[in-house]
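An overview of the molecular structure
So the chains spell out like this:
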Amino acid sequence: MKLFLRLFFTFISLSFFHAYALESSNGFVVTAYDDRFRVVSPEKFRSPLEVIVENKTLVRLIGKVVVNNKTNIGFTSIESDKYQRIMVNLKKGDLLHFIPLSPSFQEVELIVGNKIYEIPPKK
């Protein structure tokens, strides 16, 4: 019984610290759900910047990261319940977007300093 309790509390504490680490990120954490995207934004601008894209949908997520609506930084193909990291070199004033290609969804603008925000589906 003691072993079970010890394992239980260890699991709970590790889950808490993992979630806290994502909430206070130094880069962007973009999480795809079936009906929305959730973005955790860094508080301050820095370059290079890390963009972590998590797929919480039931299907493979295919998308790309774009700077200033013209420069492709990288394409992503992420299986369900997986994530991928992308490093981005930016200059102040650059616009950064994650564009989901499949399943199709509206562009997700990545804005430094917005902390946590969600992008709902287009109606």
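It should be noted that the structure appears before, not after, this text.
In what follows, the accompanying structure is described.

What counts and what doesn't
The written sequence of each chain sets the order in which its residues are numbered from 1. Residue-level local features of this predicted model are given only where pLDDT is at least 70; pairs of side-chain atoms are given and counted only at 80 or more, and the full residue set underlies all totals for whole chains, interfaces and linings. Side-chain metrics in this entry use all non-hydrogen atoms of the structure; hydrogen atoms and water are not considered. Strands are treated as partners if at least two bridges between them are detected by DSSP. Strands are runs of DSSP state E lasting at least 2 residues, helices are runs of H or I lasting at least 4, and numbering of each runs from the N terminus. Comment: axis = line fitted to C-alpha atoms, over the contacting stretch for helices; angle = value between 0 and 180 degrees taken between N-to-C directions. Exposure is judged per residue with a 1.4 Å probe applied to protein chains only, and the accessible area is read against the type maximum: over 50% gives exposed, under 20% gives buried, and values in between give partly exposed.

On to the sheet that holds strand 5 (residues 71–78). Spatially, the four strands line up as an open sheet ordered 5-4-7-8, and their pairing is antiparallel. The open sheet is flanked by strand 5 and strand 8 (108–110), the only strands paired with a single partner. Taking the axes of each pair of neighbouring strands and ignoring which way they run, one obtains an average angle of 25° across the sheet. Inspection of the sheet shows strand 4 (residues 61–67) paired to strand 5 by seven bridges, in the antiparallel sense. From the neighbouring strand, Gly-63 faces strand 5, where its bridge partner is Thr-76.

What follows concerns the environment of Val-67. Checked against the element boundaries, Val-67 lands in strand 4. Judged by its relative accessible area of 6%, Val-67 is buried. Sequence separation of Val-67 and Val-88 is 21 residues, and the distance between their C-alpha atoms is 8.8 Å.

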